[in-house]
Every structure is written in C-alpha cells, then in structure tokens.
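Spelled out from the first residue to the last, the chains are:
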Amino acid sequence: MRVLSGIQPSGEIHIGNYFGMIKPMIDLQHTNDLFAFIASYHAMTSVKQRDILNNNIFDVAVNFLSLGLDPAKATFYRQHDVPQVLELYWILSTLTPMAMLQRGHSYKDKVAKGIKSNHGLFSYPVLMASDILLFDTHTVPVGKDQVQHIEMCRDMATTFNDRFGDILKIPQIKIEQNTQIVSGTDGAKMSKSYNNTIDMFGSPKQLKKQVMSIVSDSKGLNEPKEYENCNIYKLCELFMSESELVVLQDRYKSGKEGYGHFKQTLLQKIEEYFQEFRNKREYYLKNKDEVEQILQDGAKKAKQIATKKIETIRQAVGLD
Ligand code: ADP
Ligand code: TRP
C-alpha cells in the first residue's frame, strides 16, 4: 500500500518531533510502500533566505537517514527534484474554488497571527494535493492540523475525476490518534517556540543542560516523591521498559534520592537511546555525497512515476 508523507525542512529537531512524527513515519516503511519527501517548495512560503532553506533541506535529509529512514525500503526525495508536481498544482488550481481555500484553517490561523499573506501560503493546500495525487497515494498519515488539507485534496480529486474521468486516486486519511504529545522541560508541550526542548542531536553539554533544567517540585533529598505528574518521570516513560519504570517508581517513593538523581538516569537513557543515531549522523555529515546520491536515487524513482502520471493527466485535460 502506498503511503506518502511530506516533511517541512525546519532545521533543528527535538525529542517531541521524534516521538510525535519522525518515528511513526519511519516505522511505516516496514509494512508499506513509503514515499517520504522533503517539502522544499512548501517551506518557501515561510523561509526566504537562500542559505537557510538550502541547509535545512540537507539537515532534514541527514536527520531522517540517521534516525532510521532506510532508502532501500522507502522512496526519499526532495520535492523540487520532481517539478512535475507544479504542473499538476496548476491544473488543480484551475478547478479549486477560491472559497475552499479561504476556509483553510491553517491559512486563516497564520494570517490571524500576523504572518504576511502571500499566494503560496494561500494555495498551499493545492500543492499538497498535487504531492499526494501525483503518486496514486493510498493513505496519507497526518496530524490533526493537516486533516482539512487532505479533505480538500479529496475534493479536488473528485472534481477532477467528475470532469475528466477516473484518473486520480482518492486518498484515505490516517489520523495519528495515538501520537503522543511529548512534554517539554517545563511540562508544557515541547516546542522550539517555547524554548523547552530536549534536542537529541545537540552537543553533550547542551543535552545535559536541557535535562538538568527540567522543572520539578521542591521536595528535599530525603522526602518521598510522587512520580505521577513529574516531568522527569514523564520523559523517562519514553525511554524505559515497564520493569525499569517500576524500579524508578520505587526510587521516587523511597525518599533516598533527589530529582538530580532521576535527571541523571534520564540523561543516561537519552544518551543510550540516541547513541547509534548520533553515530550515523556523524557518518552522514562526513559523507554528504552519499546523502546526495540517496536523494537523487529517490528522485529518479519518484520522477519516473510522476512523469507517467502527468502524461495521463495532460491527455485527460487536453494538453497532449
Ligand atoms: P515545533 O512545535 O517545535 O515548532 P513543529 O511544528 O516543527 O515543531 O513540528 C513538526 C512535527 O513534529 C509535527 O508533525 C508535530 O506534530 C510534531 N511535534 C512537534 N512537537 C511535538 C510534541 N511536543 N509532541 C509530539 N509531536 C510533536
Ligand atoms: N503540510 C505538511 C506539514 O506542514 C507537509 C506536507 C506537504 C505534506 N505536502 C504533503 C504532508 C503531502 C502529507 C502529504 O506538515
């Protein structure tokens, strides 16, 4: 089954991104024909500096490969290496009512936040539909914020098919129900905008600083402590087995250790968990050509499919 998802190249990543989005996506490669792409054209709606955009694209590629995306299993490519997507974007644009895009939550939210509107931001869902429809995608796994975009994509495909024949596959939406919200060092949702992140690819010093800054209550070393609702414990749950957690719970209750000790345990677990990924990252950072080759191989495969599909679409609309 073809599953497709796009990743915005947004630079640094934290363990909230990893458990919330990256890991669930990578896990799909074992049971599906996964198409994962770096949404470089989409990123241009917000990133206007050449070097930042270019570096972010490379960073996201390195990060996904380091975290386990396997180019032998998944098709991994940069959106702008498959420019056929822009032709379908135009064709779909001519069938998309303005009113549909004007109802877009994501667009409206951004404008309400004072972000300067541009046509790319407004027509973002059309490009997203094109990403999906060009590859006969069966399922698109998305977070709740993206559901409306996929509904719009389904509408656009239906309108196209009603007019030109049964050409586009109507994709299914897979809402990631059990993606957990990872809390940050202050207990709120971990987010780079809140400055409460733990960045698995930061320096060891930075990682230690972030873990040590986790907010706890002020119980003294010799007081029994509650693990429920403790920010340190909540993060430990991501990295420890059931039996390890039982041991940790006993340590909380015993009144023999302070929060500093639990933070030390968490730090060690995070270091262990990401060690292999960090090594792979070092490797890819030193072997940029290999990353480039993987992306080009992915693009070649994606382009073959896209070229065939766009030919069919051109014929259907009268551009043959
Ligand atoms: P940030 O909030 O740090 O800016 P992004 O908005 O760039 O993160 O999120 C990228 C992806 O990571 C999205 O799919 C989002 O759902 C997921 N994600 C971000 N923060 C978390 C979190 N704290 N818990 C779970 N998933 C998250
Ligand atoms: N809009 C998505 C996001 O911001 C990224 C994206 C672009 C995407 N095209 C897509 C996701 C196609 C799924 C399918 O996260």
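Note that the structure is predicted; figures quoted are calculated from it, not measured. Throughout, residues of each chain are indexed from 1 in the direction in which the sequence is written. Working convention: letters from A go to chains and numbers from 1 go to ligands, in the order in which they are written. Local features in this predicted model are restricted to residues whose pLDDT is 70 or higher, and side-chain atom pairs enter the listing and the counts only when it is 80 or higher, whereas totals over whole chains, interfaces and linings include all residues. Side-chain metrics in this entry use all non-hydrogen atoms of the structure; hydrogen atoms and water are not considered.

Novice: Would you mind showing me how to read the pattern of salt bridges here?
Specialist: Pairing between side chains of opposite charge can happen when the charged atoms of each approach one another. When a carboxyl oxygen of Asp or Glu lies within 4 Å of a side-chain nitrogen of Lys or Arg, that pair is called a salt bridge. The tally for this structure, following the rule as stated, stands at twelve salt bridges. The salt bridge involving Asp 250 is made with Lys 253; its shortest N-O contact spans 3.9 Å. Taken as a pair, Asp 250 and Lys 253 lie in helix α12 (residues 242–254) at a separation of three residues, close to a single helical turn. The classification of residues rests on relative accessible area computed with a 1.4 Å probe and restricted to protein chains. Under 20% of the type maximum is buried, over 50% is exposed, and intermediate values are partly exposed. What makes Asp 250 partly exposed here is its relative accessible area of 44%. Lys 253 gets classed as partly exposed once you look at its relative accessible area, which sits at 47%. A salt bridge links Arg 251 to Glu 257, with the shortest nitrogen-to-oxygen separation between them at 2.7 Å. We classify Arg 251 as partly exposed; its relative accessible area is 22%. Assessed through its relative accessible area of 18%, Glu 257 is described here as buried. Secondary structure elements follow DSSP: runs of H or I no shorter than four residues count as helices, runs of E no shorter than two count as strands, and numbering proceeds from the N terminus.

Novice: So what exactly am I meant to see when it comes to the site of ligand 2 here?
Specialist: Near ligand 2 you find 13 residues, and of these Gly 6, Tyr 124, Met 128, Asp 131 and Gln 146 are the closest. Within the side chain of Tyr 124, an N or O atom sits 2.7 Å from a nitrogen atom of ligand 2. Throughout this description, a polar contact denotes any pair of N or O atoms lying within 3.5 Å of each other; where both atoms belong to protein, one of them has to be capable of donating a hydrogen while the other can accept it, and for residues adjacent in sequence the pair is counted only when both atoms sit in side chains. At a separation of 2.8 Å, a nitrogen atom of ligand 2 approaches a polar side-chain atom of Asp 131. Bound to the protein, ligand 2 loses 88% of the 370 Å² it would expose on its own. Contributing elements (two or more residues each) for the shell around ligand 2: β1 (2–7) and α8 (124–133). The greatest single-element share of the shell around ligand 2, amounting to four residues, is contributed by α8. Class assignment for the residues of the shell around ligand 2 results in seven nonpolar, five polar and one charged. Residues are classed as near a molecule or strand on a simple rule: at least one heavy atom within 4 Å of it. Residue exposure ignores everything except the shown protein chains as possible cover, and the areas themselves are Shrake-Rupley values with a 1.4 Å probe. Under the convention adopted here, Pro, Cys and the residues Ala, Val, Leu, Ile, Met, Phe, Trp and Tyr are nonpolar, Asp, Glu, Lys and Arg are charged, and Gly plus all remaining residues are polar.

Novice: It is not clear to me how the pairing of strand β2 (residues 33–38) should be interpreted in this structure. Could you clarify?
Specialist: On a regular strand, each side chain points to the face opposite its neighbour's, so the side chains alternate between the two faces of the sheet. Burial within β2 is extensive, with five of its six residues counted as buried. Pairing between strands is defined by DSSP: at least two bridges between them are needed. Across six bridges, β1 lies against β2 in parallel orientation. The residue of β2 that forms the bridge with Val 3 is Leu 34. In terms of strand pairing, β2 meets strand β3 (residues 75–78) through four bridges, oriented parallel. Paired with Phe 35 across the bridge in β3 is Thr 75.

Novice: I tried to follow the site of ligand 1 on my own but got confused; where do I start?
Specialist: Lining the immediate environment of ligand 1, one finds 13 residues, of which His 14, Val 182, Met 190, Ser 191 and Lys 192 sit closest. At 3.2 Å, a backbone N or O of Gly 16 approaches a nitrogen atom of ligand 1. At 2.8 Å from an oxygen atom of ligand 1 is found a side-chain nitrogen or oxygen belonging to Ser 191. For ligand 1, whose unbound accessible area comes to 540 Å², protein coverage reaches 71%.

Function cannot be read off these values alone, since they describe shape.
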